[in-house]
Amino acid sequence: QVQLVESGGGLVQPGGALRLSCVASGSISSIYAMGWYRQAPGKQRELVAGLTSSGSTNYADSVKGRFTISRENSKNTVYLQMNSLKPEDTAVYYCNADGVVPGNPHIEYWGQGTLVTVSE
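These notes cover the structure that comes with them. (Residues numbered from 1 in each chain as written. Predicted model: local features only at pLDDT ≥ 70, side-chain atom pairs only at ≥ 80, totals over all residues. Heavy atoms only, no water.)

1. Observations concerning the overall build of the protein chain
And step 1. Within the protein chain, the regular secondary structure consists of zero helices and eleven strands.
And step 2. Taking 2.2 N^0.38 as the reference for a compact globule, 120 residues should give roughly 14 Å; the C-alpha atoms of the protein chain span a radius of gyration of 14 Å, in line with that estimate.
And step 3. Dimensions of the protein chain along its principal axes, counting C-alpha atoms only, are 50 × 30 × 25 Å.
And step 4. Counting the 120 residues in the protein chain, one finds 41% classified as buried.
And step 5. In the protein chain, once contacts between residues fewer than 6 apart in sequence are set aside, the share between residues at least 24 apart is 53%.
And step 6. Working note: accessible area of the protein chain is about 6,300 Å², and carbon and sulfur atoms make up 50% of it.
And step 7. When the 9 basic and 9 acidic side-chain charges of the protein chain are each reduced to a single mean position, those positions are 3 Å apart. (Helix = DSSP H or I, 4+ residues; strand = E, 2+ residues; numbered from the N terminus. Rg over C-alpha atoms; globule rule 2.2 N^0.38 Å. Buried < 20%, exposed > 50% of the residue type's maximum accessible area, 1.4 Å probe, protein only. Contact = heavy atoms within 4.5 Å. Areas by Shrake-Rupley, 256 points an atom, 1.4 Å probe, with all protein chains shown as cover. Lys, Arg positive; Asp, Glu negative; His and termini not counted. Charge placed at Lys NZ, Arg CZ, Asp CG, Glu CD.)

2. Concerning the sheet that holds strand 1 (residues 2-7)
And step 1. Spatially, four strands are ordered 1-3-8-7 in an open sheet, and the strand pairing comes out antiparallel. Looking at strand neighbours, the two that pair on one side only are strand 1 and strand 7 (67-72), the edges of this open sheet. Each strand axis lies, on average, 20° off the axis of its neighbour in the sheet, ignoring direction.
And step 2. Bridge count between strand 1 and strand 3 (residues 18-26): six bridges; the pairing is antiparallel. Of the residues in strand 3, the one forming a bridge with L4 is A24. (Pairing = 2+ DSSP bridges. Axes fitted to C-alpha atoms, helices over the stretch in contact; angles between N-to-C directions.)

3. Let's talk about the side chain of T114
And step 1. As for its position among the elements, T114 is in strand 11 (residues 114-118).
And step 2. Under the relative-accessibility criterion, T114 is labelled buried at 11%.
And step 3. At a separation of 3.2 Å, a polar atom in the side chain of T114 contacts the main-chain amide nitrogen of G9.
And step 4. Sequence-distant contacts of T114, defined by excluding residues within four places in its chain, comprise E6, S7, G8, G9, L20, A91, V92 and Y93. (Polar contact = N/O pair within 3.5 Å; in protein donor to acceptor, adjacent residues only side chain to side chain.)

Nothing here speaks to function; it is geometry throughout.
As structure tokens, this is what we get:
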């Protein structure tokens, strides 16, 4: 089992910045990729940024050039640096981890979510 705990959400003005953190605990060695998703009111959950164990990253087109995903292995933490925030970035942001366990080549873990509100 893997537990994910997010932090760093809050209220920010348009053009501002926030950094989200996701701390992983438990069977961390089973994780091969992590990412950040978001879900805005009335919309489906969407991938914002992904990071594989080899260091490859991918981003949603809407956040390219503004958001950066990174990790700090010594702290079992993945970050999402969000710059030049826009009102349309308002959403609950979820940390996600993809892992493998005996008998299941793909299992997903989710954090509880952290709310980001971009508004005047």
